[in-house]
Amino acid sequence: MEFDWSVEDAAYRKEFVDFLGEILPENWDEISKHGPGSDLQAEFSKKFCGKMADKGWLTQHWPAEYGGKDAGAWRHAVVGEECWAIGEPRGSQYMNVNWVGPAVMQYGTDEQKKLHLPAIASGNIFWCQGFSEPEAGSDLVSLRTLAIPDGDDYVINGTKIWTSYVQHANYCFLLARTDPDSKRHTGISVFLVPMETPGIEVREIPSVVGARYFHEVFFTDVRVPKGCMLGEVNAGWEVVNFALQYERVGAARYARAALTLDHLAKVAKETGLMDDPIVVDKLAQARCICEAARMLTYRVIDTRAKDAKPTTDTQLARIAGTRTDRAIGELAVEILGPDALEYGSFADANFRLAMTAGVAVGATEVQLNLVARRFLELPKK
Amino acid sequence: MEFDWSVEDAAYRKEFVDFLGEILPENWDEISKHGPGSDLQAEFSKKFCGKMADKGWLTQHWPAEYGGKDAGAWRHAVVGEECWAIGEPRGSQYMNVNWVGPAVMQYGTDEQKKLHLPAIASGNIFWCQGFSEPEAGSDLVSLRTLAIPDGDDYVINGTKIWTSYVQHANYCFLLARTDPDSKRHTGISVFLVPMETPGIEVREIPSVVGARYFHEVFFTDVRVPKGCMLGEVNAGWEVVNFALQYERVGAARYARAALTLDHLAKVAKETGLMDDPIVVDKLAQARCICEAARMLTYRVIDTRAKDAKPTTDTQLARIAGTRTDRAIGELAVEILGPDALEYGSFADANFRLAMTAGVAVGATEVQLNLVARRFLELPKK
Amino acid sequence: MSLDLTFSDEQAGILDAIRKFTKERCPGETVRELAGKFPTELWAELAELGVLPIATEDGGGGALEVVAAMEALGAAVFPGPLAETFLATQILEGDELQEVGAGESIVSLSAAPRGDALSLVPWPEQAKVSLQIDGTNIYRCKTVGSPEMVTSLGGDPYGRVKLERTGEVKNAARGLALFDIAVSAYMAAAGDDLVEVTAEHARTRKQFGRTLGEFQAVAHPLAESSIALSASRTLARAAACAFDEGRDDANGLAAGARLSARKSALFTVYASHQIFGAMGITLEGPVYHVSRRIRQLSSAGASVAVAHEEALALFGINAVSA
Amino acid sequence: MSLDLTFSDEQAGILDAIRKFTKERCPGETVRELAGKFPTELWAELAELGVLPIATEDGGGGALEVVAAMEALGAAVFPGPLAETFLATQILEGDELQEVGAGESIVSLSAAPRGDALSLVPWPEQAKVSLQIDGTNIYRCKTVGSPEMVTSLGGDPYGRVKLERTGEVKNAARGLALFDIAVSAYMAAAGDDLVEVTAEHARTRKQFGRTLGEFQAVAHPLAESSIALSASRTLARAAACAFDEGRDDANGLAAGARLSARKSALFTVYASHQIFGAMGITLEGPVYHVSRRIRQLSSAGASVAVAHEEALALFGINAVSA
């Protein structure tokens, strides 16, 4: 057992942090405040990812055969931690490199690989995901969007909701039912849909999470070639589960939380609040919650680094991340006092993050069910 | 709206507290530590209830026609608060006056009333309740104990578990299935069974709550006259629900919690801990939780004082009481420090109370289900 | 008869009248639309109803009437400096009091900033009376320079500005107690509104082939919320009784009520958002305008540390039961 | 390769060997029977296995080996002053160290009493080495007079007695860190045992016509427990790595691990008891001997306030990731 970064990874972290220092504009905090869906941040993240690609860093964790450097799961974690901590300058492209790419490697045809992998690796392209539907919520498998074969094409009709990053997306990783008579997780397929295809309309749903974060996406007789399907027909559930394994720990929430705690500790020291044992107490407790989440995430990375079969650790890490966001959101409000009343302030942003933490990527309840069933082997209703 | 005790009730409280001061022996804390199931406390509580009966206090909240004084729900609450706060010197007789008597008044025959009500009012008699069964837990309605009619008698066979106060009980308020083919809450009847009836055997289950607190009670061909049935045949579920309305707020847990908090605050002051803002914080928070539980209980009493229909307030009060015990158990351990490591110490006793708080009288989960269904009108599975 | 936890007919009448008023004039859409603005018309109408000065001699009521009003106003998430105004009616006199009671003078209450920082002040453009809380003291202030406007998370316009103290206020304790009582009643009622809206969603929404409310993970947090809120509401009423009777434990009870309401309402916010998921965090959705208000009020008034100290005075509450 | 969170073969070997040993020699009945007594035979056998001095030069291991051992011992709720002994091996020398490592000298570790009160001391009749924690200091003590015996809530014999300090211990920080690491690993493992026993109950017990584990109110707290315990276990391992490498953040991580394990294990105790109901609080039942031990250990070691201060040193942990 080892609990320290290798010399190489530590050196790389330094290099990467220096790179961030150079490339991030002075007003980065101001930009990132608007969220990764905003025009401002999208514009910057394209430039940023381009630079990362130039250095061969954007997809360094990918296998060499797909243009990566086989840099391994820990190296990828370094990038994830540093990026997420400061508000994800890669924008939505973290999805591309975390799970869209790997899913294409695993299930894609040669043609799909040739089309998508270099594009992702170039840092020049945006993806969005078309999973949730108005009538489905966390219950992905009750989706109703239909893709019906017609000649060499599929014709897609349906509505997706809560979709992020749509505005700038080139492609949508879309789930649709290819067997209209199927139920639950059978009869679903994955499509890699170019967003410029006619028939796709987008409506923004204004939300508290930032500009252009949520959208409804309407698919009306959207016609895509059969070659847009990823994986076998009706085998989409397997593909999406593969992808979600990577998505669920994709966000190094603990890293952002740790940075927030550092900031709070700094404020507490400056304002004399560190003399208050209650504040010391709460900072320490929050830190423990944060480090606990880090440990669980590291376990997932450890498993991945060893190419072992994924375990329920993925769910554990995800839930712990949620708890961390909540604890720190509350703490920020307490330590920052009246300043927390400002919309978009540091404390407020953390509070809103906390409010939404349990919601993204499968509600916490669903994750708890999975832990109960798979890990504790409790019966299903 | 009024939030103060009437002059009469306040005066009565003083009189009652003075009475407690006189009658409780020096070593009362030592006695009460062993719990109401112990020989020591049972012996004392018989004497104590006798004295209360002499003053006409034991059943003063009963209607005059049954030997009470129509003293009302608030007067009864005064007695309940003061008794529970110091460890219930009435012992198991609090059950008699809280709900066994009222159930007999509501559902009893003239003969049953004549037999049981004066006996209870005399303070000379103990009851135990035969509800839970080894295979049933909180799920009362899956009980299996059978009572089969045979001539003028019923013959009872089955096992009850977790029964308290059995050792000294004269009667058992017993639930048994009178229709062997019935399911769930139908086909159940209530029997008032003299404990001296042949065929009843008792085994103590040693527990952390105190001596002789839990027992298994085995009924083997126990023959009781049909006149022992309370209420109609197969209508026992109505009777027991009536009784539980009174049982569920019977224990003024907040009163004991308030006393514990007073004690903790005293210790904190003496040891200089009050200078620690964390302690002030936690004491204040615990106090708020405790007062919240008191409010919910007062709402139940208010409803009862006005002879209004019982509401889900009963469940709310019960759950809040549980939360109070837990918060205070934790706090006691923290404030009393190393002393909390002694078994049976003040802090330890509170911790054990906390551990068991959610268990008694229908697990918290069941109560939450009831609130969700009856009050929030959420659907049942 | 000892305690009586039901409103008098008159108090119930206030509750009903304001409920009728808010139902007609202040539905959810209105609250959402008013974000960022002072609710000029609604405020005038509320003043017309005689609600604002209700806890003064002329108003003919006391804290219980304030609670009755705030239970109705909180359920509607009614905007504006409500608790602040009730506070002001306890510490102002003469014409100033008249104007505040008539809704013509707006009250702004802010917390003392740390060190030399600017104050974050609500309604900087509307307020005629500017008050600052520091510990358990209240100071009258005047604004120096013009405020830099920011959006508050509750949606109300706030400004960062330098406040200069012009004098300390007498009766601060009584003002703060009424503030605590008023804000508790409001938060508990707004929390109840969240529970009701969320329960309705849970009763109808299907997920995983079942109605959402069937899941204990949904039903139990909602049940816990309603238990906690119910206790907080009763505590606010109890504190109001103590306030009206001028009892010693009024301040402790008021602080306890606020701590309790704050905790229950925030618990409810989390529970509701967890159940509503993404829908909850849309600006047009059914709950965000409620939860943002709760979140803002949870930071209002004297600091939580002060409230804890006050609530410790509750150790005198056994006076109630002795 | 960067971090590696799997035990080495040797560490895994220790875990397995002790698991085999405890399975045979220390089942639940034995633990229940031993309540109130010193586990003389088991202690000797454990010493025989070479576990006690494992984190010394002669023992050939370090904190990671202690963690491997404690994960097995905690899962069996193995009795005796385990973490105390590991602590002692960091601060004793020569013959004293030899004797403690050989299981011949028993260590008693107690907290400094408040004011002039007597100390509450474990194993007062067996202990040859008596240590007292005060803040982050450790003092060697001798007993004055004979102890008044009391039952501890963990079941171990305790005595109230006057302790006289005979000298301060060097290396206290390292001793306390190893104590924290050891006790965290033990508590997390004991918690896991509770989860396993409770999950087995939930998998089989029928109630309300369904299997208990089908209820989210049962399944979710258990899932939360296992998540929290899993994190605590990993934190204890991480702290052990830092300890063995002599890193600066070892003490902070150790304190963090203990705070985390304490919280997770106590959460699990409540969850388990809630699910087991009355059965959980019987002396002969399947969980009380576990929960009482967790409860006792949760109060062991330096005070929680001290641990909080130490854990704040974790603000240096970014060194790990920088």
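Predicted model, so just to flag it, every value in this text is computed and none were measured.

J.: Which residues make up the environment of Ala354(B), and what are the values?
T.: Along the chain, Ala354(B) falls in helix α11 (residues 346-357). Considered as a pair, Ala354(B) and Gly101(B) are 253 residues apart in the sequence and their alpha carbons are 29 Å apart. Once you skip the residues sitting within four places of it in the chain, Ala354(B) turns out to touch Asp325(B), Arg326(B), Gly329(B) and Tyr270(D).

J.: Go over the interface of chain D and chain A with me, naming the residues and quoting the values.
T.: With 50 residues of chain D in contact, the opposing surface of chain A contributes 51 residues. In this assembly, chain D packs against chain A so that about 4600 Å² is buried in total across both faces, 65% of it on carbon and sulfur atoms. With a shortest N-O distance of 3.5 Å, Asp4(A) and Arg247(D) are connected by a salt bridge. Along the contact surface separating chain D from chain A lie 15 residue pairs in polar contact (both at pLDDT 80 or more). At the level of elements, α7 (172-204), β7 (210-211), α8 (216-244), α9 (250-276) and α11 (304-312) of chain D are the ones that each hand at least two residues to the side of chain D that touches chain A. Looking at which element gives the most residues to the side of chain D that touches chain A, the answer is α8(D), with 16 residues. Its residues assigned to classes, the side of chain D that touches chain A comprises 25 nonpolar, 15 polar and 10 charged.

J.: Which residues make up the side chain of Gln132(C), and what values do they have?
T.: Residue and element names in this part refer to chain C. When you line up the elements, Gln132 lands in strand β3 (residues 127-134). There is a polar contact of 2.8 Å between the side chain of Gln132 and the side chain of Arg165. Apart from residues lying up to four places away in sequence, Gln132 is in contact with Ser110, Ala111, Ala112, Pro113, Ser119, Asn137, Ile138, Tyr139, Cys141, Leu163 and Arg165.

J.: Explain the interface of chain C and chain B residue by residue, including any values.
T.: Opposite the 50 residues of chain C that make contact, chain B presents 50 residues. When chain C packs against chain B, the two sides together hide about 4600 Å² of surface, and 65% of this comes from carbon and sulfur. Run the count over chain C and chain B and you get 3 salt bridges. Run the count over chain C and chain B and you get 14 residue pairs in polar contact (both at pLDDT 80 or more). Per-element accounting of the side of chain C that touches chain B gives the leading share, 16 residues, to helix α8 (residues 216-244) of chain C.

Definitions and limits used
Residues numbered from 1 in each chain as written. Chains lettered and ligands numbered in written order. Predicted model: local features only at pLDDT ≥ 70, side-chain atom pairs only at ≥ 80, totals over all residues. Heavy atoms only, no water. Helix = DSSP H or I, 4+ residues; strand = E, 2+ residues; numbered from the N terminus. Contact = heavy atoms within 4.5 Å. Buried area = accessible area lost by both parts, 1.4 Å probe. Salt bridge = Lys/Arg side-chain N within 4 Å of Asp/Glu carboxyl O. Polar contact = N/O pair within 3.5 Å; in protein donor to acceptor, adjacent residues only side chain to side chain. Nonpolar A, V, L, I, M, F, W, Y, C, P; charged D, E, K, R; others polar.

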